[in-house]
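# Topology and contacts: notes
Listed here are the chains, written in short residue letters.
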Amino acid sequence: MALYNRESKLSEAILNHPQLIPVVNRLGVRLGVGEHSIGSICSREHIDADFFLSVINTFLDPDYFPVNARDTFTREKTIEYLRKTSSYYVKVQIPNIRRHFGSLIARSGEDNNLGQLHRFFEETALQIESIVARDEESVFPALLSGDLDNVTEVSAESHSEVEEKLHDLLYLFVAHLRGDYDRNLATAVVTAIFSLEKDYRQNNRIRRRILLPQVRRNNDSIGDYGD
Amino acid sequence: MGTDKGIAVIGLPTLTAIGVKSMVVSEHDIRVVCYATYDDFRSFEEGADGFVVTPEVFVGNLDYFMPRRQKTLLYGNFQGMAGQEGERVIFPADDEAVIGEKLTSLIEGIAKDGVEPGELSAREKEVLRLLVAGKINKEIADKLCISINTVITHRKNITAKTGIKSVSGLSIYALMNGIS
C-alpha cells in the first residue's frame, strides 16, 4: 500500500517526512511547493509522476514495492536519480560532516576517543567516495550499455558494507563516546551522520527495488528475443 | 556473572563425564566439575550454573532440578523424544558435533543470564582480537582449537552484545575498550 498517491499534497508529505526534502530536490522539485497535489506539481514540472511516487514511497516505506516500475521506468531515469544522490553524498553530506567533525575535534581537547571515531568516519567516507567514482566510471555506463554481468551484484555488496559501517559509526558515537567534548558540535556531527545513514540506506532500497528489477528484466528480454 | 561456578556433571559414567568435561573446556571458557552422585555435588556449597545429569539424578531430586530445568541437559536413552525436547537431551548415540552444539547451547543460555549487555566474555575477547587482526573464521578456529561453528556463534554474540556489525567497527570498539 503506497503512502502517497497523485492526489496527496506534497507540502503535507514533506512536513510529515522532512527527510524527503533532498529526495524531491533530486527529482527536480524545489521548496515552495504551494498547496498542490503531487500529480499537478509533477505535471507542471514535466516529471514522471509514477516515477516520483515510486521513489518517495520506496524511500519512506521498507515494505513498499513499486508494482508499475517494470513497465514505466527507464534505466536512464533511475540512474539519473542515483547519480544526483551520489553527488549529494560526495558534494554536500560528507563535506558537511567533515567540516563539523574537524570543528568538534578542534574544540574538544584531547581527553576523549573522538580520534578513533574520526578515523572510522574517514575510512567510511573514503569508501563511499570510491564507490561513487566506480559507479560513475564503470557501473552506470555498464548498466546503460547492457553489459551487466556481475556489476550489479558487486555494487550491491559494497553498498551494503557501507550501510553497516555507517550504522556502526552511529552506534559507536551513541554508546561509546567518552571523555570531554563539545556537546553542540557532537550533536551536529551525529545528526549529520544519522541523516547520511538514513539517506544511504533508503537509496540502496531504491537500487534494489527499482534499478535491479529493471536490469534483470532487460537481461530476460535480451535472452527472450535474442537481440 | 552467571558462569563463575561452572557446570556440574552428575551421575554420568566416569569416561562419559570426562568426555563431556573435555569437550566443554576445549571450546569454552568455563569450569566443569564431575560428581559421581547428587550427594557428592550437594556436599560442596558452591553449587553450579548449569548441569549435565542422568535421568535418575534428575528424577530423584526433582525439588532441586525442576526450577533449574532450563539450565540442565539430560544424558541417556529416551524413546520417542525429538525436536525441541530432544535439544535438552544428550543421547549416547549422538555424534560429536551434535553433542557439541547441545553443550554450546546450554552454556550460551547460562551466559545470557549472567552477562551484562555489552560485556564480552574472555573467549569472545580472544575471538575479537583475532578478528580485528585480520584473521578469517578458519584461522581463528585453528588458533583457538575450536570449531568454525563455535567461532561463528562467538561472532554472533559479539555483534549482539556490542551492537556493531562490521569488522572495521569492531576494530574501533576493540581500541576504545582496550581489547588489543
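The following paragraphs examine the structure supplied in this document. Note that the coordinates shown come from a computational prediction; the quantities given were computed from them, not determined experimentally. Numbers given for residues are sequential positions, taken from 1 along each chain in its written order. Chain labels run from A onward and ligand labels from 1 onward, assigned in the order the entries are written. Local features in a predicted model are, by the rule used here, given only for residues with pLDDT of at least 70; side-chain atom pairs are given and counted only at 80 or more, and totals for whole chains, interfaces and linings are based on all residues.

## Side note on the overall build of chain A
What counts, and what does not: Runs of E in the DSSP output that reach at least two residues are strands. Runs of H or I that reach at least four are helices, and both are numbered from the N terminus. Exposed residues have 12 or fewer other C-beta atoms within 10 Å of their own C-beta, buried residues have 20 or more, and partly exposed residues fall in between, where C-beta atoms are placed from the backbone. Once C-beta atoms are placed from the backbone, any two residues with those atoms within 7 Å are in contact.
Looking only at helices and strands, chain A features 9 helices and 0 strands. When the helices and strands of chain A are read in sequence order from the N terminus, they spell out α-α-α-α-α-α-α-α-α. Burial analysis of chain A (227 residues in total) assigns 26% to the buried set. For chain A, restricting intrachain contacts to residue pairs at least 6 apart in sequence, the fraction spanning at least 24 positions comes to 77%.

## Some points on the nonpolar core
Keep this limit in mind: Any nonpolar core is a set of buried residues, restricted to Ala, Val, Leu, Ile, Met, Phe, Trp, Tyr and Cys, that join up through C-beta atoms within 7 Å.
Ranked by size, the top nonpolar core spans 34 residues in total, and within it I97, F121 and L172 of chain A together with L128 and L170 of chain B carry the most contacts. Only α6 (75–106), α7 (114–145), α8 (151–176) and α9 (183–225) of chain A together with α7 (122–132), α8 (137–144), α9 (148–162) and α10 (167–176) of chain B provide two or more residues apiece to this core. Core analysis: the next-biggest nonpolar cluster, separate from the first, contains 27 residues, I7, V9, V57 and L106 of chain B among them.

## Things to note about the environment of L74 of chain B
Residues and elements named next belong to chain B. Position of L74 relative to the elements: it lies in strand β4 (residues 72–75). Take L74: there are 22 C-beta atoms within 10 Å of it, and that puts it in the buried class. Placed 65 residues apart in sequence, L74 and V9 show a C-alpha to C-alpha distance of 9.9 Å. Leaving out residues up to four positions away in the same chain, L74 has contacts with V53, P55, F58, R88 and V89.

## As for the interface of chain B and chain A
Which entries qualify depends on this criterion: In this classification, Asp, Glu, Lys and Arg are treated as charged, Ala, Val, Leu, Ile, Met, Phe, Trp, Tyr, Cys and Pro as nonpolar, and every other residue, Gly included, as polar.
Across the boundary between the two partners, chain B contributes 10 residues, which contact 13 residues of chain A. Each residue belonging to the side of chain B that touches chain A can be placed in one class, and the counts come to 5 nonpolar, 4 polar and 1 charged.

No statement about biological role is implied by the geometric values presented.
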